[in-house]
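Chain residues, written in single-letter form:
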Amino acid sequence: HHLSALELKKLDGIARAEKCNLERVYEAIKVIKTLNPRPGDTFNVPIIDYIVPDIYIRKINGEWKTLVNDDGMPKLQVNSYYQDLLNELKKKRNEQSPEKDFFKEKAYAANWLIKTLQQRQSTIQRVTESILKLQPEFLECGIEGLKPLCLKDIADDLDMHESTISRATTNKFAHTPYGVFELKFFFSTGFKNNATSTSTDEISAEAVKNKIKIIVENENSKKPLCDQAIVKILKADGVNVARRTVSKYRDMLGILSSSRRKELF
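This text gives an overview of the structure that appears in the document. (Residues numbered from 1 in each chain as written. Predicted model: local features only at pLDDT ≥ 70, side-chain atom pairs only at ≥ 80, totals over all residues. Heavy atoms only, no water.)

1. Digging into the pattern of salt bridges
Phase 1: This structure, assessed with the given rule, holds 14 salt bridges.
Phase 2: Two residues, Asp54 and Arg120, come together in a salt bridge whose shortest N-O distance is 3.5 Å. Of this pair, Asp54 sits in the loop between α3 (22-33) and β1 (55-60) while Arg120 sits in helix α5 (residues 98-134), and the two are 66 residues apart along the sequence.
Phase 3: Assessed through its relative accessible area of 16%, Asp54 is described here as buried.
Phase 4: When its relative accessible area of 29% is taken as the criterion, Arg120 is described as partly exposed. (Salt bridge = Lys/Arg side-chain N within 4 Å of Asp/Glu carboxyl O. Helix = DSSP H or I, 4+ residues; strand = E, 2+ residues; numbered from the N terminus. Buried < 20%, exposed > 50% of the residue type's maximum accessible area, 1.4 Å probe, protein only.)

This is the structure in structure tokens:
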């Protein structure tokens, strides 16, 4: 009867409603914590979809390299039997036939498909290399080193259209020393980073989210930090963000509010 109050840690109200002391409520909560809120999950076999990276970022002989993952790509080539038939037809230069036109059309389509797949891999590698060139701090520091970046920055660097960059980074994943990330992860807005009196650098939104996550992980669970307290810690670290921004990022990270994070015992 008191799940909503329990969620909000309003234990005094539960004690009054049940006409008992807080110790009795604590004992009840300890029992509740041992229960499975979704008992049906025991009979459910989850389907795990593993992410296969499209590209690997590794440090080889002191230099960062990008290696395209070709394992998941089909090894395509024109069937030698049909290629031989086409070559025989081509020898008959002055002879026109429906068969010759048919084979030429299909061979062109097949070679176009193979070339397109090769171009796709090349574009992913070029885009990744450009991202790393514009995000050098990420290679050494991880998420903390991410800078603001937009599609136009990469498009200008590679002399490509923004729509091409968008397609090349959608649902394409990179395996890095800091985890597997979608290439779009490296694009985000930013905030002024005033960590030093002379610093005018910006810090990306993803880096700010990571800072919030680390702050919460290291807080005192008996006295969790409110959003305004997190704002002050970030400001002391040179990052100026509004309380509502911290609240929004906390929600995006799946972190509960301070009242719901509080451990009572």
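2. Here we look at the pairing of strand β3 (residues 173-176)
Phase 1: For β1 and β3, the ladder comprises 2 bridges, and the chain directions are parallel. The residue bridging Ile55 from the neighbouring strand is Ala174, located in β3.
Phase 2: Sheet analysis places β3 next to strand β4 (residues 179-182), joined by 4 bridges and oriented antiparallel. Across the sheet, residue Thr176 finds its bridge partner in β4, namely Gly179. (Pairing = 2+ DSSP bridges.)

3. Focus: the environment of Ala110
Phase 1: With respect to the helices and strands, Ala110 occurs in helix α5.
Phase 2: Judged by relative accessible area, Ala110 falls into the partly exposed class, the value being 27%.
Phase 3: Expressed as a C-alpha distance, the spacing of Ala110 and Pro39, which sit 71 residues apart in the sequence, is 52 Å.

4. Regarding the layout of surface pockets
Phase 1: Estimated volume of the largest pocket: approximately 380 Å³.
Phase 2: Considering the residues around the largest pocket, the lining is formed by 14 residues, among which Leu6, Lys9, Ile29, Lys33 and Arg260 are closest to the centre.
Phase 3: Looking at the lining of the largest pocket, the elements with two or more residues in it are α1 (3-7), α3 and α12 (258-261).
Phase 4: In terms of residue class, the lining of the largest pocket is made up of 7 nonpolar, no polar and 7 charged.
Phase 5: Estimated volume of the second largest pocket: approximately 250 Å³.
Phase 6: Every residue lining the second largest pocket is listed: His1, His2, Leu3, Leu6, Ile14, Glu18, Cys20, Arg24, Val25, Ala28, Ile29 and Ile32.
Phase 7: Taken together, the elements giving at least two residues each to the lining of the second largest pocket come down to α1, α2 (11-18) and α3.
Phase 8: The element that contributes the greatest number of residues to the lining of the second largest pocket is α3, accounting for 5 residues. (1 Å grid on protein atoms, 1.4 Å probe; cavity = no way out; pocket = protein on both sides within 12 Å on 5 of 7 lines; lining within 4 Å. Points joined across faces, edges and corners; volume = space filled by probe spheres on them. Nonpolar A, V, L, I, M, F, W, Y, C, P; charged D, E, K, R; others polar.)

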